[in-house]
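An overview of the molecular structure
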Amino acid sequence: MTAPRALPAPHDTPLDLGGRTALVTGAAGGIGRACALRLAAAGAKVRAVDRDAAGLEALAAAAADLGGAVEPHVLDLTDLDAAESAAAGTDVLVNNAGLQLVRPIEEFPPDVFHTVLTVMLEAPFRLIRGALPHMYGQGWGRVVNISSVHGLRASAYKSAYVAAKHGLEGLSKTAALEGAAHGVTSNCVNPGYVRTALVEKQIADQARAHGIPAERVVSEVLLQDSAVKRLIEPEEVAQAVAYLCGPQASFVTGASLVMDGGWTAH
């Protein structure tokens, strides 16, 4: 019988990503920015990917002020070949970039549906594809996909977003099964509504879709089924990402870490 492998006690194992390269998409704001700063604080050299050049420069400056290293990489993820190339040499990959449009299916623009699936499902596939050779070669890697409660449950008027997140869940699990023998884990983090610009836009869209004032959307739509009546902060999501990159989570793969204030407990 194989003897159990001793792991250091949790208080002895702070996250140390010194010498590692992390790539975070959608890094100019919101969850992506928080993840980039958290991983940089752990010692990783962070390759920050976004279309927002100014936001990336601000992120790099903020990381430098904290003693971290962030390399801005301006990239539109609809350029799938460039996305795959950008992931080469990555030790930690955080697929976070996303977009949202709230419309009934019969009114949903097909071109927007296509773009959402490209950015939120096909681009993560290409990024994982680009990162795995290096991860496999060294016998270690971490893929963290920022999914959503909408990767596990559906909501009306969000056909593209829900479809993309459900697909991301399957992609993440497949990567977990294939990567396990190579020391690579793949997991999803599934937050509810996070205090980001994307959610602020959703509030306005939901107000139009439901025909109610914007101030009622948070309490009556977004958080109606949440036991915890507040938005999640981006830094809370970043801490979950950090946990999945640490030694305590070496046996966690193919999982979906739900952070929804009890929404899916119903």
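Provided above is the structure to which this section pertains.
This section reports on the structure supplied with the text. Please read all numbers here as calculations on a predicted model, not as lab measurements.

Right, let's get into the side chain of Glu 84. Residue placement: Glu 84 occurs in helix α3 (residues 80-86). Engagement of the side chain of Glu 84 in a polar contact is seen with the side chain of Arg 126, the distance being 2.5 Å. Here Arg 129 takes part through its side chain, which lies 2.5 Å from a polar atom of the side chain of Glu 84. Non-local contacts of Glu 84, meaning those with residues more than four positions away in its chain, are made with Arg 126, Arg 129 and Gly 130.

Here the structure, examined in full by the defined rule, presents eight salt bridges. Close ionic contact of Glu 84 with Arg 126 constitutes a salt bridge, the shortest N to O distance being 2.5 Å. Note that Glu 84 is positioned in helix α3 and Arg 126 in helix α4 (residues 110-138), a separation of 42 residues in sequence. Summarising the burial analysis for this pair, Glu 84 and Arg 126 share the class buried. The residue Lys 173 makes a salt bridge to Glu 169 at a minimum N-O spacing of 3.4 Å. With a gap of four residues between them, Lys 173 and Glu 169 both fall in helix α5 (residues 159-179), about one helical turn apart. Lys 173 gets classed as partly exposed once you look at its relative accessible area, which sits at 37%.

With their axes 8 Å apart at the nearest point, α4 and α5 run at an angle of 15° to one another. The angle between α4 and α5 places the two elements in the roughly parallel class. Seen along the crossing, α4 lies across α5 with a hand that is right-handed. Across from Phe 113, Val 116, Leu 117, Met 120, Leu 121, Pro 124, Phe 125, Ile 128 and Tyr 136 in α4, the residues of α5 making contact are Ser 159, Ala 160, Tyr 161, Ala 163, Ala 164, Lys 165, Gly 167, Leu 168, Leu 171, Glu 178 and Gly 179. By residue class, the composition of the contact of α4 with α5 is 15 nonpolar, three polar and two charged.

Under the criterion given, the structure shown has one aromatic pair. When the centroid spacing of 6.2 Å and the interplanar angle of 85° are considered together, the rings of Phe 108 and Phe 113 count as edge-to-face. The class for Phe 108 is buried, based on a relative accessible area of 8%. Residue classification places Phe 113 among the partly exposed positions, given a relative accessible area of 32%.

Residues Leu 39, Val 46, Val 94 and Val 189 are the most contacted members of the largest nonpolar core, which totals 40 residues. Leaving out residues up to four positions away in the same chain, Val 46 has contacts with Ala 22, Val 24, Ala 36, Leu 39, Ala 40, Ala 69, Val 70 and Glu 71. By size, the runner-up hydrophobic cluster in this structure holds 29 residues, among which are Leu 75, Ala 87, Leu 132 and Val 184.

Once that is clear, we can look at the sheet that holds strand β1 (residues 21-25). Spatially, seven strands are ordered β3-β2-β1-β4-β5-β6-β7 in an open sheet, and the strand pairing comes out parallel. Single-partner strands in this sheet number two, and they are β3 (69-74) and β7 (256-259). The sheet shows a mean angle of 15° between the axes of neighbouring strands, taken without regard to direction. Bridging between strand β6 (residues 184-191) and β7 involves four bridges; their strand directions are parallel. Bridged to Val 189 within β7 is Leu 257.

Here is what the cut-offs are and how they apply
Residues numbered from 1 in each chain as written. Predicted model: local features only at pLDDT ≥ 70, side-chain atom pairs only at ≥ 80, totals over all residues. Heavy atoms only, no water. Helix = DSSP H or I, 4+ residues; strand = E, 2+ residues; numbered from the N terminus. Polar contact = N/O pair within 3.5 Å; in protein donor to acceptor, adjacent residues only side chain to side chain. Contact = heavy atoms within 4.5 Å. Salt bridge = Lys/Arg side-chain N within 4 Å of Asp/Glu carboxyl O. Buried < 20%, exposed > 50% of the residue type's maximum accessible area, 1.4 Å probe, protein only. Axes fitted to C-alpha atoms, helices over the stretch in contact; angles between N-to-C directions. Parallel < 35°, antiparallel > 145°, perpendicular 65-115°, else oblique. Left-handed = near helix turned anticlockwise from the far one by under 90°. Nonpolar A, V, L, I, M, F, W, Y, C, P; charged D, E, K, R; others polar. Phe/Tyr/Trp six-rings, centres within 6.5 Å; stacked < 30°, edge-to-face > 60°. Core = buried A, V, L, I, M, F, W, Y, C linked by side-chain atoms within 4.5 Å. Pairing = 2+ DSSP bridges.

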